[in-house]
Amino acid sequence: MKIVHSIKSFVAHKPTIVTIGTFDGVHLGHRKILEKIIATAKSQDCESLVLTFFPHPRMVLQEGTEMKQLNTLKEKITLLENLGVDHLVVHPFDKDFSRLTAEDFVKQVLVDTFKLQKIIIGHDHRFGRNRTADINDLTEFGNAYGFEVEQISAQEINEVSISSTKIRTALNEGNIELANNYLGYDYSLTGIVTKGKQLGRTIGYPTANINIEEDYKLIPQNGVYIAQSIIEGKTIFGMMNIGNRPTVDGVTLTIEINFFDFDQDLYDQEITVSLLKRMRDEQKFESLDALKKQLALDKSTALNHINLL
């Protein structure tokens, strides 16, 4: 997949089949559209192109909005690449770009820059200044400028009944299994392993503390989760705690994972941890011994679940 970080940087060598959107999560609903542009491009000797924006338009247009996202930009790029998209254009979204009229956007971007042959979009797609243009306007532009327009019907999208908002809600409620079902893959967190206070080591449960650089990444509800990572090609399971560690008077959010049957130095390495199941809320225990007993129960619960996978 070829990636450019501005519309101006894209050079079309073949006509394109295009879709446009933020695609946060690249979930099963999104994939209906993405797989269609890929298949259509192959059948028409064109190239598939996804136009997306960073930062999320709502964060720019609705000042003060703190909108957590399902994917970091790096994660989104990886997901789109794995699907087999030919081109990804990540355009910086700002207020100047938002003022582009619908017709200027169609003519200057889709037609002149992308050599658009066909656009495939969701049933509720709106675009142009103040998002005033819709599918009917796009169809008129298609007739005027010589490209096809295909709309994914509400019925087709509703067959999977998925939205990024529903997934965010599930994650905020700790319902990781529902979120994973909607996504079509396991929700993950990626960050650098940093040194913590190493209290886990003293009670027999050493943890890797994960620092996530992107502050817009959605962190699921606090609690204890069954999780897994791929480290040097091997799947390593463990249990992850998201929270403030109240037993040791912690005040800042930490994300730490205790890997099972694993004793390798991961400091300063980037790791990705996929969340499989939430086991319980974060709790405050009367002593480290009480915490240790609970961790032994958590590990037993986690191993029983893993053995059923």
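For the structure given in this document, a descriptive report is provided here. (Residues numbered from 1 in each chain as written. Predicted model: local features only at pLDDT ≥ 70, side-chain atom pairs only at ≥ 80, totals over all residues. Heavy atoms only, no water.)

### Regarding unusual backbone geometry
In this chain, phenylalanine 54 is followed by proline 55 through a cis amide linkage whose omega measures 0°. Here proline 55 is to be found in the loop between strand S3 (47-54) and helix H2 (57-61). Although it is not a glycine, phenylalanine 23 sits at a positive phi angle of roughly 50°. One can find phenylalanine 23 in the loop between strand S2 (16-20) and helix H1 (28-43). Look at phenylalanine 23 and you get buried, because its relative accessible area is 4%. (Helix = DSSP H or I, 4+ residues; strand = E, 2+ residues; numbered from the N terminus. Buried < 20%, exposed > 50% of the residue type's maximum accessible area, 1.4 Å probe, protein only.)

### Focus on the nonpolar core
Of all hydrophobic cores here, the largest spans 51 residues; its most connected members are Met240 and Phe259. The biggest single contributor to this core is H1, with 5 residues. What methionine 240 contacts, discounting residues up to four positions off in sequence, is Leu189, Ile210, Gly223, Val224, Tyr225, Ala227, Ile255, Glu256, Ile257, Val273 and Leu275. Of all hydrophobic cores here, the second largest spans 29 residues; its members include Val60, Val89, Ala102 and Ala133. (Core = buried A, V, L, I, M, F, W, Y, C linked by side-chain atoms within 4.5 Å. Contact = heavy atoms within 4.5 Å.)

### A look at the sheet that holds strand S9 (residues 223-231)
Pairing is antiparallel around the closed barrel formed by 6 strands, whose spatial order is S7-S8-S11-S10-S9-S12. When the angles between neighbouring strand axes are averaged without regard to direction, this sheet yields 45°. Pairing of strand S10 (residues 234-243) with strand S11 (residues 254-259) involves 6 bridges; the strand directions are antiparallel. The residue of S11 that forms the bridge with methionine 240 is isoleucine 257. Contacts between helix H9 (residues 176-183) and the sheet are confined to S9 and strand S12 (270-280), with S12 contributing the most and set at about 125° to the helix. The strands touched by helix H11 (residues 288-307) are S9, S10 and S12; relative to S12, the strand with the most contacts, the crossing angle is about 100°. (Pairing = 2+ DSSP bridges. Axes fitted to C-alpha atoms, helices over the stretch in contact; angles between N-to-C directions.)

### Topic: helix H6 (residues 135-145)
Within the span of H6, buried status applies to Ile135, Leu138, Phe141 and Gly142. One side of H6 holds all its buried residues, which, seen down the axis, span an arc of 115°. Seen from the open side of H6, the exposed residues pointing more than 90 degrees away from its buried face are Asn136, Glu140, Asn143 and Ala144. Here the buried face of H6 lies against helix H5 (102-111), strand S5 (116-122) and strand S6 (148-152). Capping the start of H6, aspartate 134 holds a side-chain oxygen 3.0 Å from the backbone nitrogen of asparagine 136, two or three residues further along. Where H6 ends, the next residue or the one after it, glycine 146, has phi of about 80°, a positive value. (Arc of directions from axis to C-beta. Polar contact = N/O pair within 3.5 Å; in protein donor to acceptor, adjacent residues only side chain to side chain.)

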